[in-house]
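Each chain is listed here by its residues.
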Amino acid sequence: DAGVTQSPTHLIKTRGQQVTLRCSPKSGHDTVSWYQQALGQGPQFIFQYYEEEERQRGNFPDRFSGHQFPNYSSELNVNALLLGDSALYLCASSLALAVWRADTQYFGPGTRLTVL
Amino acid sequence: DAKTTQPPSMDCAEGRAANLPCNHSTISGNEYVYWYRQIHSQGPQYIIHGLKNNETNEMASLIITEDRKSSTLILPHATLRDTAVYYCIVRVGNAGGTSYGKLTFGQGTILTVHP
């Protein structure tokens, strides 16, 4: 049973460029969340996709956008890259449960983005 | 989601039990306690979660106090591979609106297991 996969593993971009990161959820999962982890910090929630729509968003600018495809995979796009966008980008997948039940998110290995 | 407080670091001898505490004094009745760990530069790994009752799985045990204001993650026989940052997270279940699945990570506890 494949876990959460992310690509690419590492990426180097320059300021002002755009980047697309990809995530395939764990088999049977339908929800994808994205997190940004700066060096020495805990992961910070960017947004979550369910049924191909963004249904919750953290405190990130509109430069950060995403998409979910019918097969539940997802992309994270970042436009006009800044030096401060250098971080480990993590994807987590889960299965949407009934109201008041807590799903469990499983994380991928992450994509290390370096902005020069 | 309720805020959690964890010690910044802990040490444990290999083969001994590691007991990681977490305070969540403002937890509400519909909030779960989750534990994740992160080994350097890898994605966080789910360990265990609970609502009221103590829980045990193949990785660890979770002890939640009766008033639910604190909890302890227990690794029964720590190994060198258990050296990691451990995050205690309190989050509401699927309540709709703005409460869908967001995990709020703090600084966590750096657990170092010594030979």
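In this text the structure is predicted, and so the values were computed from the model without any measurement.

A. Quick look at the overall build of chain B. Within chain B one finds zero helices and nine strands. Counted from the first residue to the last, chain B has its helices and strands arranged as β-β-β-β-β-β-β-β-β. Against the globule reference of 13 Å for 115 residues, chain B gives a C-alpha radius of gyration of 14 Å, in line with a compact fold. Over its C-alpha atoms, taken along the principal directions, chain B stretches across nearly 45 × 30 × 25 Å. Counting every position in chain B, which comprises 115 residues, the buried fraction comes to 45%. For chain B, the share of sequence-separated contacts (at least 6 apart) that also reach a separation of at least 24 residues comes to 58%. Summed over its atoms, the accessible surface of chain B is roughly 5,600 Å², and 50% of this surface lies on carbon and sulfur atoms.

B. View of unusual backbone geometry. Residue and element names in this part refer to chain A. The omega torsion of the bond from Ser7 to Pro8 falls at -10°, within 30 degrees of zero and hence cis. Among the secondary structure elements, Pro8 is positioned in the loop between β1 (5–7) and β2 (10–13). The phi dihedral of Glu52 falls on the positive side, at around 65°, and the residue is not glycine. Here Glu52 lies in the loop between β5 (44–50) and β6 (53–57). For Ala80, which is not glycine, the phi torsion reads 45° and is therefore positive. Judged by its relative accessible area of 39%, Ala80 falls in the partly exposed class.

C. Just the pairing of strand β3 (residues 19–24) of chain A, in detail. Residue and element names in this part refer to chain A. Summarising the sheet, β1 and β3 pair through three bridges and their orientation is antiparallel. When the bridges of β3 are listed, Thr5 appears paired with Ser24. The pairing of β3 with strand β8 (residues 74–78) spans five bridges and is classified as antiparallel. The residue bridging Thr20 from the neighbouring strand is Asn77, located in β8.

D. The arrangement of the layout of surface pockets in detail. As a volume, the largest pocket reaches approximately 370 Å³. Lining the largest pocket are 18 residues, with Gln37, Gly40 and Gln41 of chain A together with Gln38 and Val85 of chain B positioned closest to its centre. Sort the elements by how many residues they give to the lining of the largest pocket and strand β8 (residues 84–92) of chain B lands first, with three residues. Grouping the amino acids of the lining of the largest pocket by side-chain chemistry returns eight nonpolar, nine polar and one charged. Of the volumes computed, that of the second largest pocket is approximately 250 Å³. Taken together, 15 residues form the lining of the second largest pocket, with Phe107 of chain A together with Gly43, Pro44, Gln45 and Tyr46 of chain B sitting closest to its centre. Put simply, the parts of the chain that give the lining of the second largest pocket at least two residues each are β10 (106–107) of chain A together with β3 (31–38) and β4 (45–50) of chain B. Its residues assigned to classes, the lining of the second largest pocket shows seven nonpolar, six polar and two charged.

Scoring rules and cut-offs
Residues numbered from 1 in each chain as written. Chains lettered and ligands numbered in written order. Predicted model: local features only at pLDDT ≥ 70, side-chain atom pairs only at ≥ 80, totals over all residues. Heavy atoms only, no water. Helix = DSSP H or I, 4+ residues; strand = E, 2+ residues; numbered from the N terminus. Rg over C-alpha atoms; globule rule 2.2 N^0.38 Å. Buried < 20%, exposed > 50% of the residue type's maximum accessible area, 1.4 Å probe, protein only. Contact = heavy atoms within 4.5 Å. Areas by Shrake-Rupley, 256 points an atom, 1.4 Å probe, with all protein chains shown as cover. Pairing = 2+ DSSP bridges. 1 Å grid on protein atoms, 1.4 Å probe; cavity = no way out; pocket = protein on both sides within 12 Å on 5 of 7 lines; lining within 4 Å. Points joined across faces, edges and corners; volume = space filled by probe spheres on them. Nonpolar A, V, L, I, M, F, W, Y, C, P; charged D, E, K, R; others polar.

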